[in-house]
Amino acid sequence: MSRNLLLSPPRPCVSGLILALALGTGIAPAASLDVTVSQDTYIRIDAGGGTSPQNSDADNEVLVGQNFAVDQLRPLLGFDVSQLTDDVANLGGGDFGSLTINSATLTLYERRGRSFEGTGSLNVRSYDFDFIDLSSTWADPDGDGSPATGDTTAGGTLGALLANAVLGWDATADNDNSSLPLDVNALSTAIENAATPGTLNLILQSPTYSSFGSITSDRSANTARHASLSIDYSVNSVDPTFGLSVASPDADLAFPAVYQTGGNQTRTLLYEVTSGSGTGTVTVDSISVLPAPDSSGAFTLGTINPAVGSTLGDGDTLSIEVIANGSTAGSFSGTLVIDTTTVGTAPADGYDTEVPLSSTIYAVGQRFGTNPYMDVSLAGWDGGATSVTPGIAPGSAGMARIKGVMDPEAGAPDALAQSTTIPDGSSDFQVTAFFTPTSVASFADYTGNAADGSFQDRTFQWVLFADDAAAPNPGFGDAEAGSTLINLAYLPDGNATSGTPDFHVFDGVSCIPLGIGAIDGSVDNGASAGDGALDPTSDPLDVINVYRLTVTGSGFGTPGASYEINVEKVSGADSFSSGTATGLTAFHGVNGTTSTPAGHAFITSDLSASSNANGGFATSFWVDDASFFNGTAPDPLLSVLAVPTDAQAFLPDTTASATFTVRNDGATASIDLDSVTFGDPTFSVVSPSLPATLNPGATAVVEIACDLSSATTGVPLSTSIGLTTTPASSPDGFDWTCTLIDPSQLLANGDFETGDLSGWTGTGFSIESTTPITGVHSATSTGLGDFGQTFGDLTISNGSLSFDFRIDSAGTDRSLHFRLNPPGGGDLLTGRVTSAGELQFFNGVGWEGPDGWQTTGITGIATGVNYNLTLDFHGVGTAAASYDVHLVGGAINTSLTGFDQFHGNALLLELGGLQFRRTDAGRGTYTVDNVVVDLNLNPDLEISVESVSGGPGSFTLNWTTVPASQACRVMLSTDGMQTFQEIASGITGGTYTATGSDAPAGKAFYRIETE
C-alpha cells in the first residue's frame, strides 16, 4: 500500500471545459500555456565582489556571458506555470505522471546590441530555488539575505540542462530574438520539483562566449520583447478525485501554540470526492494517528463522518476531527494516516494520505529565550552590547554592558535584545532582570553636563515590542517605536528641569512618572567613564548597587490588558528599598489591548522622534540574568546559571571534575536541591551534600566528577545531567563531556614519519624527505601560511613544548616563527628566530615595536644546523607563570629559567593548539621535526632540567624537582626523540651521570620523568 504525503491541498479546478471533455476519453485534449516572464534579473561576480544586485540596470537588460572572465554573468528568469500545475492537480489528481509535455520553447529578445558572435553556446538550466529579483547577487543568488541559507552556491546552483543553443545576434539593438526548444522531460521534472508549486525558475549561462549578450528585461516598457515561455501539453484525466475541500474548516493539522495548559484543541479536515463519470468511488479503509498517542495523549481522533468503511462517490465528503490534548506542556508531533481503496482510473491506493500533526503548549512559568544568565558570552542576544565580568546577580560570572555616551569602548549606543527565540503571543508574561545604571553623581563625568529632565536624560531603558522586526539591532528609531508596547526608562532628573528622579513609561506623547522612587545606581572607577566593569575587588573605586526589575503583564491582546512594574534593591548601600506601580495601561506605539509581546530589549539607542524628541543623553548601564517568562515566574525557581565546561583528566590522573552554580530565583519560597542525576554511573556529585536547601536569592556551587579509569584516551565520554528539587522546579538539564588525555601524545604525527602531513592542517608547509632532520621525513615551510594542530580545550598548568628545527634561509625580519594558541584562536605564546639568528619571544606590546619582542640572549643560530628547542612551562594560570628555555644544537647548549614573556594572558588555563608560521615571502624558510607537546598538570609537582655537561662516554645531567625528594627516571633517545628507553630509575637528588653506551657519540636526547 503506497502513501502520498499531503503537504498542501490540491488547487481547486479552474479548467471546467477541459474536465468536461476529458471525461469521455480519459485524456484531456492538448492545452497550451503562453506566459511572459514574471520576474528577472542577472547576477555577476565582478560587481561589489559579487554582492551587488543588478535589478536596477538602467538599460532594462539582463546580461549573459563574460565580462573579465568566462561565465561571470548569469540571468535568472521566473515564470508562472500555475495553469499547468492546476490542471495536473485537478485533472491528474496531483500525479505528474499524468502530464505529457508535447513541446516547449523559450523565446529571448535582444536588448542592447552586444553581438553574441555566433560562436559560443548558451545554456538554459532549471533553477530549483525561489529568488528575489531585487536582491539576488552572485554571492547570494536566491536573494534571501544570506549566502549561508537557501542557495548557498555562489553564482547559483545550476539545475538540469533544458536547452543549448548558439545565438547569432548582431550588434544592432532591439532587432534579434531566438526561440529555444526545451527538453520536455527535463522541463516536466523541473516544474514538478519547483521550490514553489506553480513556478518555473531558469538560470542562463554561457561557459564559452568571449563577450556578453544583452537580453531584454521585464523592466522594459516594450512588453512585446519580454522573455516568453510556450508549453503545449496534455493531462490524463483521473476519475475519481479525492482531496481537501475548499470548504474544509481547517487547511492543516498544525495546531496554534497555546500559552497555558488546560482545555483541548480541535481541528477538522474536510475531504471531497468528485467523479465525472459518476462511477468512481473511494472507500475509507482506516484512519489512524501515528505514532500512537503517547502517555500524555497528545493527539486523538474525534468525530469521523461518515464512519470508517464507508464508500464515497461523486460529491460525497469525509470529515475528520483531530483533538490535541491541552493538559500537558511540550511540543508534540505525529501523523494522521488515511488508508483508502479507489475504484476508477485512479490507482487503487492513489489517495492514501499522510497529514503532519503538530502541537505546542507552553507551561505557565516556562522561561523563553536563550542564555538569560550571560555568564560566558552574549550568545543569543542581538544589539551589540558588551560582555563583561564579573556579573552583578548573585553567583553570576558575567553580564552585559549596554554602552552609552562616552563609554570606554567604541560601539555606543547599542542594545541587548531578544526576539526570535521568544515565541510570540503570550498574553500573560513576566520579565525579570538584575540591573544597575550609571550613578547620577557620575552623569556629568560621561556627558559633560548634569542630568537635565527637560531633555529626558536617562540612565536605564527597557522596551517591550510586538513584532520581531522591531527588535533594536542596535538602533531604536521611529519604526521600532511604532511596534513598541512598553517603553520604560529611569530619568535621573525627572521629565522636566530639576524634576523628580523616577522610573517613567512613555505613553506615545510624554513620559509618565511611576512613583517608584529614586535610585543611586553605581559608580564605575569613581569618575570619568571608568573601565566598563564593576568589580571592587580589582578596582576599589567601584561602588555597586544592584536592583531587580520585574515587569508583569496580563491580558495582552485583550481589552483588559495591563501591567505592573516592580523595582527592588538586591544589594548595595543605596537607601532605596523597593517600589511598585500597578494597573498600568500606558502603551507607546502599539496598544497592549490588540497586541502581544514578541521580544524585549535594553537600549541606549533611542533616537525615536516620539520618546526621545529632545535628544536626551543615555549613559551606559549593566544588565544581568534577564529572563522572559510565559505567565509568571515560579516561586521557588531553581536556575542553572552556567553549565560546567568540558573537562579532561591527564594521565596518570583519571578523574575529571567541574563545577556549576545554581540559584533560587524565587521571591519568597526556599527550595531543596535533592539530587543530580546522570546517564552514566561513572559520573557523580562531589559536593555539596544533598539535599541542600537554598533560600530565595541564594546560590550553591555544585562540583561533579567523572571516573575515567576505564576510558580510552582521546575518546570523549558524555552524559546528560538533570536536577531534581522539592518542590519540583524542572530546571533545564544539560550535557557534560570528559576526556582522558595522555599528556605525552597530544600531537598526531609529530615526527612526520607517515610521509605526509596527516594530523596537521593549514597551508605553506610540505614534506621534506631529501634532507630531513631525523628519520625519513620532516616538514618544511616552502610556501606561505599557518600550519599546525588543535588540541581541543586543554586545561594546562605545567608542561613542555619540544621540537627540532633547521633554518634553511634567513630571509628578512625572521625565519622560524611559532605560536601556542588558546581555544578558538588568539595567542598565548609567540616565539621567533630573527634573520640575525637570535631567539626572541613576544610580550604582547606593540607588535613590531621595540618594546614587543624580548630577547632571550641566545644568538648565533645558524642556517643549515639542526637544533632542538624545548620550553618547560610552570604555573600557567597563576601570576607566577613562566617557562624555561633550552636550545641545543651546533655550538649552542643554553638553558634559561624563569622566562615570563607571554603574548597573551598567561593566566589563561586553556591550551587550544600549536602553529608554525611563514606569512611573508621575504621571511626565511625552515624545517621542523619531532614536535612534542607534553603536559604535566600536577601543579604541586615540578621538574626542571638545569644543565648537561660532559662528552661522549660520560654525560652528567642535573635537574631540580618540587618536592626535592621526588624520584625520577632517566630516558635516552638516539633516534631523534622518536623513541625513548629508560636507562635509570629511582634517582633522587637531581643528578645522574650516564656512561658507556648510555653516553654515545653523535646526537643523543635525555628526558627526565617523575615516577
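Looking at an unreviewed UniProt entry, one finds the protein named Choice-of-anchor D domain-containing protein and attributed to Haloferula rosea.

Each helix and strand in the protein was counted, giving five helices and 64 strands. Projected onto the principal axes, the alpha-carbon positions of the protein cover approximately 110 × 80 × 60 Å. Classification of the 1011 residues of the protein by burial places 51% in the buried group. Accessible surface for the protein amounts to roughly 39500 Å². Of this, 51% is attributable to carbon and sulfur atoms. Between the averaged position of the 28 positive side-chain charges in the protein and that of its 109 negative side-chain charges there is a distance of 9 Å.

What follows concerns the nonpolar core. Within soluble globular proteins, side chains that are nonpolar tend to cluster in buried spots. Counting residues in each nonpolar core, the largest one holds 46 residues, and the members touching the most others are Leu416, Phe460, Phe503, Ile565, Phe602 and Val623. Residues in contact with phenylalanine 602, not counting those within four places in the same chain, are Ile402, Asp414, Ala415, Leu416, Ala433, Phe460, Gln461, Trp462, Phe621, Val623 and Ala626.

As a further point, take the sheet that holds strand S34 (residues 599–603). In space, the six strands of this open sheet follow the order S25-S34-S27-S28-S29-S30, with antiparallel pairing throughout. Since the sheet does not close on itself, it has two edges, and those belong to strand S25 (415–418) and strand S30 (511–513), each with one partner. Neighbour to neighbour, the strand axes of the sheet diverge by 20° on average, direction disregarded.

Mapped onto the secondary structure, glutamine 66 falls in the loop between strand S4 (61–65) and strand S5 (73–80). With relative accessibility at 14%, the residue glutamine 66 sits in the buried group. Beyond its immediate chain neighbours, meaning those up to four positions away, glutamine 66 contacts Asp71, Gln72, Leu73, Tyr209, Ser210, Ser211 and Phe212.

Read across the open sheet, the four strands follow the order S2-S12-S6-S9; overall the sheet is antiparallel. Looking along the sheet, the strands with just one partner apiece sit at the ends: strand S2 (31–36) and strand S9 (177–181). Between one strand and the next, the sheet's axes are offset by a mean angle of 15°, whatever the strand orientation. Pairing geometry for strand S6 (residues 99–109) and S9, over five bridges, is antiparallel. Bridging from a neighbouring strand, threonine 105 pairs with proline 181 of S9.

A full pass over the atoms with the stated rule returns 18 salt bridges. Among the ionic pairs, arginine 458 bridges to aspartate 606, the shortest N-O distance being 3.2 Å. Separated by 148 residues along the polypeptide, arginine 458 in the loop between helix H4 (443–447) and strand S27 (460–465) and aspartate 606 in the loop between S34 and strand S35 (621–630) bring together distant segments of the chain. On the basis of relative accessibility, which here comes to 3%, the residue arginine 458 falls in the buried class. A salt bridge links aspartate 786 to arginine 917, with the nearest nitrogen and oxygen atoms 2.6 Å apart.

Among the residues making up helix H3 (residues 184–192), those that are buried are Ala186, Leu187, Ser188, Ala190 and Ile191. Where H3 is buried, its residues meet helix H2 (82–90), S6, strand S7 (121–126), strand S8 (161–166), strand S10 (199–205) and strand S12 (228–235). The N-cap of H3, judged by a side-chain oxygen 3.1 Å from the amide nitrogen of asparagine 185 a few residues on, is aspartate 183.

The next thing to look at is the pairing of S7. Taken across its six residues, S7 has six buried, putting it largely inside the fold. The side-chain alternation of S7 yields two buried faces, one formed by Ser121, Asn123 and Arg125 and the other by Leu122, Val124 and Ser126. Inspection of the sheet shows S7 paired to S8 by five bridges, in the antiparallel sense. Bridged to valine 124 within S8 is alanine 163. Examined bridge by bridge, S7 and S10 share four bridges and lie antiparallel to one another.

As for its placement among the helices and strands, glycine 309 is situated in the loop between strand S17 (299–305) and strand S18 (311–312). Given a relative accessible area of 48%, glycine 309 falls into the partly exposed group. Distance from glycine 309 to valine 284, taken between C-alpha atoms, is 5.2 Å for residues 25 residues apart in sequence. For glycine 309, the contacting residues outside a window of four places in its chain are Thr283 and Val284.

Right, let's get into the environment of tryptophan 169. Inspection of the secondary structure puts tryptophan 169 in the loop between S8 and S9. Tryptophan 169 sits 58 residues away from arginine 111 along the chain, and the two C-alpha atoms are 10 Å apart. Polar contacts involving the side chain of tryptophan 169 include one to the side chain of serine 178, which spans 2.9 Å.

Below, the discussion takes up the packing of aromatic side chains. Counting across every chain of the model gives 41 aromatic pairs. Pairing phenylalanine 460 with phenylalanine 602 gives two aromatic rings, centres 6.2 Å apart and planes at 55°, and the pair type is tilted. Taken as a pair, phenylalanine 460 in strand S27 and phenylalanine 602 in strand S34 lie far apart in primary sequence, 142 residues in all. Classification of phenylalanine 460 by relative accessible area gives buried; the value is 1%. Each ring, one from tyrosine 883 and one from phenylalanine 899, has its centre 5.7 Å from the other, and the planes form 70°; the classification is edge-to-face.

Of all nine residues in H2, eight are buried, a share of seventy percent or more. Here H2 has its buried residues at Ser82, Leu84, Thr85, Asp86, Asp87, Val88, Ala89 and Asn90.

Moving on to unusual backbone geometry. With omega at -10°, the peptide bond leading from threonine 389 into proline 390 counts as cis. The amide bond that connects alanine 412 to the next residue, proline 413, takes the cis arrangement and shows omega of -5°. The residue proline 413 is located in the loop between strand S24 (399–402) and S25 in this model. At serine 498, a position not held by glycine, the phi torsion is positive, near 55°. Looking at the secondary structure, you find serine 498 in the loop between strand S28 (484–491) and strand S29 (502–506). Overall, serine 498 belongs to the exposed group, its relative accessible area being 66%. The backbone phi angle of aspartate 813 is positive, close to 75°, even though this residue is not glycine. Positionally, aspartate 813 belongs in the loop between strand S49 (798–811) and strand S50 (814–821). Note on aspartate 813: relative accessible area 34%, which makes it partly exposed.

With that settled, consider the confidence of the model for the protein. For the protein, the average pLDDT comes to 88, and 91% of its residues sit at 70 or higher. Predicted confidence is poor over residues 1–27, with pLDDT under 50, and the contacts of this stretch with residues over four places away or in other chains come to 56 contacts.

Our next topic: the environment of alanine 58. With respect to the helices, strands and loops of the structure, alanine 58 is situated in the loop between strand S3 (39–44) and S4. Distance from alanine 58 to arginine 225, taken between C-alpha atoms, is 16 Å for residues 167 residues apart in sequence.

Conventions we followed
Residues numbered from 1 in each chain as written. Predicted model: local features only at pLDDT ≥ 70, side-chain atom pairs only at ≥ 80, totals over all residues. Heavy atoms only, no water. Helix = DSSP H or I, 4+ residues; strand = E, 2+ residues; numbered from the N terminus. Buried < 20%, exposed > 50% of the residue type's maximum accessible area, 1.4 Å probe, protein only. Areas by Shrake-Rupley, 256 points an atom, 1.4 Å probe, with all protein chains shown as cover. Lys, Arg positive; Asp, Glu negative; His and termini not counted. Charge placed at Lys NZ, Arg CZ, Asp CG, Glu CD. Core = buried A, V, L, I, M, F, W, Y, C linked by side-chain atoms within 4.5 Å. Contact = heavy atoms within 4.5 Å. Pairing = 2+ DSSP bridges. Axes fitted to C-alpha atoms, helices over the stretch in contact; angles between N-to-C directions. Salt bridge = Lys/Arg side-chain N within 4 Å of Asp/Glu carboxyl O. Polar contact = N/O pair within 3.5 Å; in protein donor to acceptor, adjacent residues only side chain to side chain. Phe/Tyr/Trp six-rings, centres within 6.5 Å; stacked < 30°, edge-to-face > 60°. pLDDT = per-residue confidence, 0-100.

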